[in-house]
Amino acid sequence: MINLIKQNPSLLKALKQYEMMPSRDRLALKVLAFTLILLFMYFGLWQPAYTYKKEAVQYLEQQQELLALVMQNKSALSNLSDTSSSGQATLNSQQLVSSVTNLAKQASVTLKRFEPSGEKEIKVWVEDVPFDKIMVWLTTMKRTLNIKVDQISVEKSDGPGLVSARLTLSS
């Protein structure tokens with residue numbers, strides 16, 4: 001391999017030119033090459049690895065918060081199912097509003113407006129909320145309290161990943 005490098009005419013010409021340079025120019029070229037190598041190592045290797053680690057830690061923390069939320073609401077579900085005679089917990093209008101607003105607050109979903117609609121339904125409006133947070137909130141409600149989405153209308157908002165939605169939920 002070294003023989004191939006030594007036989008390359010372009011490389012030989014560059015080496016001869018380097019050797020003909022004054023010693024100060026050669027030193028400046030060495031410093032420049034060293035600096036470029038350091039910059040490549042920082043921006044090409046260390047910075048992406050650090051960013052990946054930081055994002056992985058944030059993702060882990062989000063997943064741990066979600067697990068804590070689910071575990072916290074698991075006891076609420078078991079309490080409701082114990083009081084239900086049919087084995088399936090159903091919430092009245094007041095309990096449904098309370099449960100939906102509490103779970104929304106825990107999932108960091110801000111409800112713009114909500115109103116009861118019938119005995120076991122509630123209409124909810126949210127604006128400029130990350131889509132992922134809405135999905136976590138809806139999944140948590142379904143799994144912990146068996147609150148279902150009867151109707152949903154989702155529209156894209158101005159920010160990246162942000163949506164506005166109108167939902168009809170029931171227990």
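Computed from a predicted model, the values in this text were never measured in an experiment. (Residues numbered from 1 in each chain as written. Predicted model: local features only at pLDDT ≥ 70, side-chain atom pairs only at ≥ 80, totals over all residues. Heavy atoms only, no water.)

## Topic: the pairing of strand β2 (residues 121–130)
As defined by bridge partners, strand β1 (residues 111–116) adjoins β2 across five bridges and the pair is classed as antiparallel. Residue pairing for β2: Phe114 is matched across the bridge by Val124. The hairpin turn running from β1 into β2, its antiparallel successor, is four residues long, and Gly118 in that turn takes a positive phi close to 90°. Pairing of β2 with strand β4 (residues 162–170), which is carried by eight bridges, proceeds in the antiparallel orientation. Along β4, the bridge assignment pairs Ile122 with Leu169. (Pairing = 2+ DSSP bridges. Helix = DSSP H or I, 4+ residues; strand = E, 2+ residues; numbered from the N terminus.)

## Focus on the confidence of the model for the protein
When pLDDT is averaged across the protein, the result is 85; 90% of the residues are at 70 or more. Segment residues 84–88 is flagged for pLDDT under 50; beyond a separation of four residues in sequence, or across chains, it makes three contacts in the model. (pLDDT = per-residue confidence, 0-100. Contact = heavy atoms within 4.5 Å.)

## Observations concerning the packing of aromatic side chains
In this structure the tally under the stated criterion is three aromatic pairs. Pairing Tyr42 with Phe43 gives two aromatic rings, centres 4.8 Å apart and planes at 85°, and the pair type is edge-to-face. Geometrically, the ring pair formed by Tyr42 and Trp46 is stacked, given 5.5 Å between the ring centres and 20° between the ring planes. In this pair, Tyr42 and Trp46 both sit in helix α3 (residues 23–83), four residues apart, roughly one turn of the helix. Taking the relative accessible area as the measure of exposure, Tyr42 reaches 36% and is therefore partly exposed. Residue classification places Trp46 among the partly exposed residues on the basis of a relative accessible area of 46%. In textbook terms, an aromatic cluster arises when at least three aromatic residues are bridged by ring pairs, as seen for Tyr42, Phe43, Trp46 and Tyr50. The side chain of Arg113 reaches across the aromatic face of Trp125, ending 4.2 Å from its centre. (Phe/Tyr/Trp six-rings, centres within 6.5 Å; stacked < 30°, edge-to-face > 60°. Buried < 20%, exposed > 50% of the residue type's maximum accessible area, 1.4 Å probe, protein only. Lys NZ or Arg CZ within 6 Å of the ring centre and 35° of its normal.)

## What about the sheet that holds β1?
By definition, the strands of a sheet pair up through backbone hydrogen bonds, in either a parallel or an antiparallel sense. Sheet architecture is open: four strands sit in the order β1-β2-β4-β3, paired in antiparallel fashion. Looking at the sheet topology across the chains shown, the edges are occupied by β1 and β3 (148–156). Between one strand and the next, the sheet's axes are offset by a mean angle of 10°, whatever the strand orientation. Sitting on the sheet, helix α4 (residues 93–106) touches β1, β2 and β4, and the angle it makes with β1 is about 165°. Set on the sheet, helix α5 (residues 131–145) makes contact with β1, β2, β3 and β4; between it and β2 the angle comes to about 150°. (Axes fitted to C-alpha atoms, helices over the stretch in contact; angles between N-to-C directions.)

## With respect to helix α2 (residues 9–20)
Helix length check: α2, at 12 residues, gives a terminal C-alpha distance of 17 Å against a target of 16 Å (1.5 Å per residue), a fit within 8%. Where α2 begins, the side chain of Asn8 points an oxygen toward the backbone nitrogen of Ser10, at a separation of 3.1 Å. (Expected span 1.5 Å × (residues − 1). Polar contact = N/O pair within 3.5 Å; in protein donor to acceptor, adjacent residues only side chain to side chain.)

## Overview of the layout of surface pockets
The gaps of empty space that remain are located by a probe, the size of a water molecule, rolled over the atoms. Computed from the structure, the largest pocket encloses a volume of approximately 450 Å³. Of all the elements in the fold, those that place two or more residues in the lining of the largest pocket are α3 and α5. Looking at the lining of the largest pocket element by element, the count peaks at six residues for α3. Looking at the lining of the largest pocket residue by residue, the classes come out as seven nonpolar, six polar and three charged. (1 Å grid on protein atoms, 1.4 Å probe; cavity = no way out; pocket = protein on both sides within 12 Å on 5 of 7 lines; lining within 4 Å. Points joined across faces, edges and corners; volume = space filled by probe spheres on them. Nonpolar A, V, L, I, M, F, W, Y, C, P; charged D, E, K, R; others polar.)

## So, unusual backbone geometry
Positioned with a positive phi, Ser108 is a non-glycine residue whose angle comes to about 60°. Inspection of the secondary structure puts Ser108 in the loop between α4 and β1. Phi is positive for Asp128, close to 50°, though the residue is something other than glycine. In this fold, Asp128 is placed in strand β2.

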